[in-house]
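A look at the structure
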Amino acid sequence: MKKRLIIGNWKMYVETPQKATAFAKELRAKMRSLPNVEVGLAPSYTLLSAVAEALKRSTIKMGAQGVSRYHADAHTGEVSAKMLKEAGVSFVIVGHSERRALGETEEVVRTQMMEVGEAGLTVVLCVGEKERDASGDYFTFIKQQLTSALVGLNKKTLSKLVVAYEPVWAIGKTAVDAMKPHEIQETIIYIRKVLTEVQGREQALKIPILYGGSVEAENASAIIKEGGVSGFLVGHASANIETFLPILKALKNG
Ligand code: PGA
């Protein structure tokens with residue numbers, strides 16, 4: 001059985017501590033049957049303490065959906081990497097397209113990555129093109145996002161890096177509209193090549209590359225078998241245990 005990684009990005013779908021706790025507890029109970037699957041859940045800030053409590057002493061990791069670029073001091077409404085660590089977070093999703101759309105630039109993404117790495121947490125760096133055109137410009141776009149985030153990054157941050165490839169046009173749809181496994185595979189090979197150029201082969205081979213964008217029970221098996229990915233970053237289908245569990249099972253068997 002291959003080792004797999006899956007992260008549930010709850011976005012604003014899970015709203016209450018009651019729902020978050022029930023989900024986390026139910027998932028915990030299923031982990032024994034998924035020995036090769038590493039699972040992370042990324043709740044909203046307001047749910048972190050409830051989820052941390054529900055996941056105490058479990059193998060499931062808790063993450064955050066975002067982080068401040070600032071280290072400390074007077075920044076109203078911001079949450080620093082250090083504060084997230086205190087709350088029990090072990091990874092942070094950085095550079096998600098929904099946050100880039102709110103104005104987080106490549107420079108901001110880079111600064112956030114450094115803060116997360118400095119706090120000793122894992123960065124889950126999201127990259128992905130807005131659209132696919134026949135000329136293949138999306139490859140250049142992905143390369144630019146990766147290199148701007150990674151060049152010059154310190155070893156501590158790099159040693160824990162996870163990359164999530166999420167084509168923006170495929171996010172939030174259904175399995176039918178999602179990216180096809182062979183296209184995913186082609187892009188994952190390309191991302192690995194860029195990582196090799198930036199980090200060297202040995203380091204690049206260690207970086208898990210996830211796919212995200214309309215992963216559901218219907219397409220999970222095919223993507224894991226043919227897409228060349230280490231696992232998934234799942235949005236809407238991770239918000240309910242009934243839609244999340246079948247994806248975990250597909251990962252276990254894939
Ligand atoms: P989706 O979201 O699974 O709802 O497409 C994925 C993501 O944005 O991380």
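Please read these numbers as outputs of a predicted model, since none were measured by experiment.

Moving on: the packing of helix α5 (residues 106-118) against helix α6 (residues 137-150). It is at 8 Å that the axes of α5 and α6 come closest, and there the two elements cross at 45 degrees. One element, α5, and the other, α6, form an angle in the oblique class. Crossing of α5 against α6: the hand is right-handed. Residues Glu106, Arg110 and Met113 of α5 form the contact with α6, whose own contacting residues are Gln144, Gln145, Ser148, Ala149 and Leu150. Grouping the amino acids of the contact of α5 with α6 by side-chain chemistry returns 3 nonpolar, 3 polar and 2 charged.

It is worth spelling out unusual backbone geometry at this point. If a residue is not glycine, its phi is most likely negative; likewise, a peptide bond is most likely trans. Phi at Asp73 is positive, roughly 80 degrees, even though this residue is not glycine. With respect to the helices, strands and loops of the structure, Asp73 is situated in the loop between β3 (61-64) and α3 (81-86). In this structure, Ser214 takes a positive phi of about 60 degrees despite not being glycine.

Quick look at the nonpolar core now. If you look at the biggest cluster of nonpolar residues, it comprises 73 residues, and the most contacted ones within it are Leu27, Tyr211 and Phe232. In terms of residue count, helix α11 (residues 241-253) provides more of this core than any other element does, 7 residues in total. Sequence-distant contacts of Leu27, defined by excluding residues within four places in its chain, comprise Val39, Leu41, Ile60, Ile241, Phe244, Leu245 and Leu248. If you look at the next biggest cluster of nonpolar residues, it comprises 11 residues, including Leu5, Val162, Ala164 and Leu210.

This next bit is on the site of the ligand. Every residue lining the ligand is accounted for by Asn9, Lys11, His96, Glu166, Ile171, Gly172, Gly213, Ser214, Leu233, Val234, Gly235 and His236. Between Glu166 and the ligand, the recorded distance is 2.7 Å, taken from a side-chain N or O atom to an oxygen atom. One of the backbone nitrogen or oxygen atoms of Ser214 is found 2.7 Å away from an oxygen atom of the ligand. For the ligand, the protein covers 100% of the area, taking 280 Å² as the surface of the free molecule. In the shell around the ligand, the residues fall into 3 nonpolar, 7 polar and 2 charged.

So, on to the pattern of salt bridges. For the structure on display, the rule yields 8 salt bridges. Glu197 is paired through a salt bridge with Lys193; the nearest N and O atoms lie 3.5 Å apart. One end of the pair, Glu197, and the other, Lys193, are both in helix α8 (residues 181-199), 4 residues apart, so they sit about a helical turn from each other. Lys193 gets classed as partly exposed once you look at its relative accessible area, which sits at 47%.

With the rule as written, the count across this model stands at 5 aromatic pairs. Geometrically, the ring pair formed by Tyr138 and Phe139 is tilted, given 4.8 Å between the ring centres and 40 degrees between the ring planes. On the accessibility criterion, Tyr138 (12% relative accessible area) is buried. Here the aromatic residues Trp10, Phe23 and Phe244 are joined through ring pairs into a cluster of three or more. The ring centre of Tyr138 lies 3.8 Å from the NZ or CZ of Arg132, which sits over that ring.

Conventions we followed
Residues numbered from 1 in each chain as written. Predicted model: local features only at pLDDT ≥ 70, side-chain atom pairs only at ≥ 80, totals over all residues. Heavy atoms only, no water. Axes fitted to C-alpha atoms, helices over the stretch in contact; angles between N-to-C directions. Helix = DSSP H or I, 4+ residues; strand = E, 2+ residues; numbered from the N terminus. Parallel < 35°, antiparallel > 145°, perpendicular 65-115°, else oblique. Left-handed = near helix turned anticlockwise from the far one by under 90°. Contact = heavy atoms within 4.5 Å. Nonpolar A, V, L, I, M, F, W, Y, C, P; charged D, E, K, R; others polar. Core = buried A, V, L, I, M, F, W, Y, C linked by side-chain atoms within 4.5 Å. Buried < 20%, exposed > 50% of the residue type's maximum accessible area, 1.4 Å probe, protein only. Near = heavy atom within 4 Å. Polar contact = N/O pair within 3.5 Å; in protein donor to acceptor, adjacent residues only side chain to side chain. Areas by Shrake-Rupley, 256 points an atom, 1.4 Å probe, with all protein chains shown as cover. Salt bridge = Lys/Arg side-chain N within 4 Å of Asp/Glu carboxyl O. Phe/Tyr/Trp six-rings, centres within 6.5 Å; stacked < 30°, edge-to-face > 60°. Lys NZ or Arg CZ within 6 Å of the ring centre and 35° of its normal.

Keep in mind these numbers describe shape, not what the thing actually does.
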